[in-house]
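Listed here are the chains, written in short residue letters.
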Amino acid sequence: AQSVAQPEDQVNVAEGNPLTVKCTYSVSGNPYLFWYVQYPNRGLQFLLKYITGDNLVKGSYGFEAEFNKSQTSFHLKKPSALVSDSALYFCAVRDMSFTYKYIFGTGTRLKVLA
Amino acid sequence: DAGVTQSPTHLIKTRGQQVTLRCSPKSGHDTVSWYQQALGQGPQFIFQYYEEEERQRGNFPDRFSGHQFPNYSSELNVNALLLGDSALYLCASSLGTGLSGANVLTFGAGSRLTVL
């Protein structure tokens with residue numbers, strides 16, 4: 001079965017420091033991977049996606065993610081965190097055996113401390 | 001350019017009642033998916049509508065049903081509400097069949113349902 005895991009419920013980082021939010025996946029074929037962010041009382045907003053090609057994907061608001069096939073990981077990164085980055089982050093994988101379904105992780109709450 | 005709009009934003013129901021949630025997709029989008037997000041969990045796929053038909057369904061009972069209208073808007077209906085149905089219900093729209101690649105979902109802010 002296709003799945004995605006976010007091992008950390010919460011990540012705390014000081015403003016200006018680099019941040020990493022972890023995601024691992026399990027799929028039977030080539031994965032389509034996504035990161036979304038959710039602010040309070042808002043829907044999920046798309047950050048970036050990996051389909052194929054360069055393992056380093058750049059997205060919105062200075063975020064990037066690194067696809068690692070051998071480690072089945074797709075970690076979200078940002079070189080310098082902002083307080084405004086504090087939110088709930090979801091990793092998702094497209095379930096290619098169930099064509100239209102996206103599987104989301106349980107989310108990681110990022111808290112950037114001033 | 002309006003994004004995805006959902007109504008109502010909040011509602012409270014009692015067990016056994018029925019509820020209808022509404023969604024208007026982003027302009028230009030023709031596909032609507034519904035997700036249930038329980039507290040502390042990630043969104044779970046309920047079903048997807050395309051060309052006014054349910055194209056695919058997740059692991060949800062038949063109490064959950066939906067509809068898509070010719071203008072691409074959609075409704076989610078839940079009958080015989082249970083306490084466990086309390087959640088944030090998210091509507092997401094996208095363009096096309098979904099077979100042409102990894103279409104990005106555009107989410108609404110959600111409808112928060114509380115079942116007492």
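Residues numbered from 1 in each chain as written. Chains lettered and ligands numbered in written order. Predicted model: local features only at pLDDT ≥ 70, side-chain atom pairs only at ≥ 80, totals over all residues. Heavy atoms only, no water.

S.K.: How should I be thinking about the pairing of strand β9 (residues 87-94) of chain B in this particular structure?
M.R.: Working note: regular strand, side chains alternate between the two faces of the sheet. Residues and elements named next belong to chain B. Counting buried positions over the 8 residues of β9 gives 8, a clear majority of the element. Residues of β9 alternate between two faces, with Ala87, Tyr89, Cys91 and Ser93 on one and Leu88, Leu90, Ala92 and Ser94 on the opposite face, all of them buried. Bridging between strand β4 (residues 31-37) and β9 involves 7 bridges; their strand directions are antiparallel. What sits directly across from Gln37, in β9, is Leu88. Pairing of β9 with strand β11 (residues 111-115) involves 3 bridges; the strand directions are antiparallel. Opposite Leu88, over in β11, you have Arg112 as the bridge partner. The sheet contact formed by β9 and strand β10 (residues 106-107) spans 2 bridges and is antiparallel. (Buried < 20%, exposed > 50% of the residue type's maximum accessible area, 1.4 Å probe, protein only. Helix = DSSP H or I, 4+ residues; strand = E, 2+ residues; numbered from the N terminus. Pairing = 2+ DSSP bridges.)

S.K.: What am I meant to see in the sheet that holds strand β7 (residues 64-68) of chain B here?
M.R.: Sheets are built from strands that pair by backbone hydrogen bonding, the pairs being arranged parallel or antiparallel. Residues and elements named next belong to chain B. Strands sit in the order β1-β3-β8-β7 across an open sheet of 4 strands; the sheet is antiparallel. One side of each edge strand has no neighbouring strand; the edge strands of this open sheet are β1 (5-7) and β7. Across the sheet, the mean angle from the axis of one strand to that of its neighbour is 15 degrees, orientation sign disregarded. (Axes fitted to C-alpha atoms, helices over the stretch in contact; angles between N-to-C directions.)

S.K.: Help me out: how do you make sense of the side chain of Asp30 of chain B in this one?
M.R.: Residues and elements named next belong to chain B. Looking at where Asp30 falls in the secondary structure, it is placed in the loop between β3 (19-24) and β4. Arg55 is the oppositely charged side chain nearest to the buried, salt-bridge-free Asp30, at an N-O distance of 6.7 Å. A polar atom in the side chain of Asp30 sits 2.9 Å from the side chain of Thr31. Among all residues touching Asp30, those that are not within four sequence positions of it are Tyr49, Tyr50, Gln68, Tyr72, Ser94, Leu95 and Gly96. (Lys, Arg positive; Asp, Glu negative; His and termini not counted. Salt bridge = Lys/Arg side-chain N within 4 Å of Asp/Glu carboxyl O. Polar contact = N/O pair within 3.5 Å; in protein donor to acceptor, adjacent residues only side chain to side chain. Contact = heavy atoms within 4.5 Å.)

S.K.: It is not clear to me how the layout of surface pockets should be interpreted in this structure. Could you clarify?
M.R.: Think of a ball as big as a water molecule: rolled over the atoms, this probe shows where empty space is left. Within this model, the largest pocket holds a volume of roughly 480 Å³. Looking at the largest pocket, it is lined by 22 residues, and the ones nearest its centre are Gln38 and Asn41 of chain A together with Gln37, Leu88 and Arg112 of chain B. The class makeup of the residues in the lining of the largest pocket is 8 nonpolar, 10 polar and 4 charged. (1 Å grid on protein atoms, 1.4 Å probe; cavity = no way out; pocket = protein on both sides within 12 Å on 5 of 7 lines; lining within 4 Å. Points joined across faces, edges and corners; volume = space filled by probe spheres on them. Nonpolar A, V, L, I, M, F, W, Y, C, P; charged D, E, K, R; others polar.)

S.K.: Which parts of the structure should I look at to understand the packing of aromatic side chains?
M.R.: To describe a pair of aromatic rings, one takes the distance between the centres and the angle between the planes. The full count for this structure, using the stated rule, is 16 aromatic pairs over all chains. Centre to centre, the rings of Phe34 of chain A and Tyr102 of chain A are 5.0 Å apart; their planes meet at 65 degrees, and the pair counts as edge-to-face. With Phe34 of chain A in strand β5 (residues 32-38) and Tyr102 of chain A in strand β11 (residues 102-104), the pair connects residues that are 68 residues apart, well separated along the chain. Among the residues examined, Phe34 of chain A registers a relative accessible area of 0% and is labelled buried. Given a relative accessible area of 4%, Tyr102 of chain A falls into the buried group. An aromatic cluster of at least three residues, connected via ring pairs, comprises Phe34, Tyr36, Phe46, Tyr102 and Phe104 of chain A together with Tyr35, Phe45 and Phe107 of chain B. (Phe/Tyr/Trp six-rings, centres within 6.5 Å; stacked < 30°, edge-to-face > 60°.)

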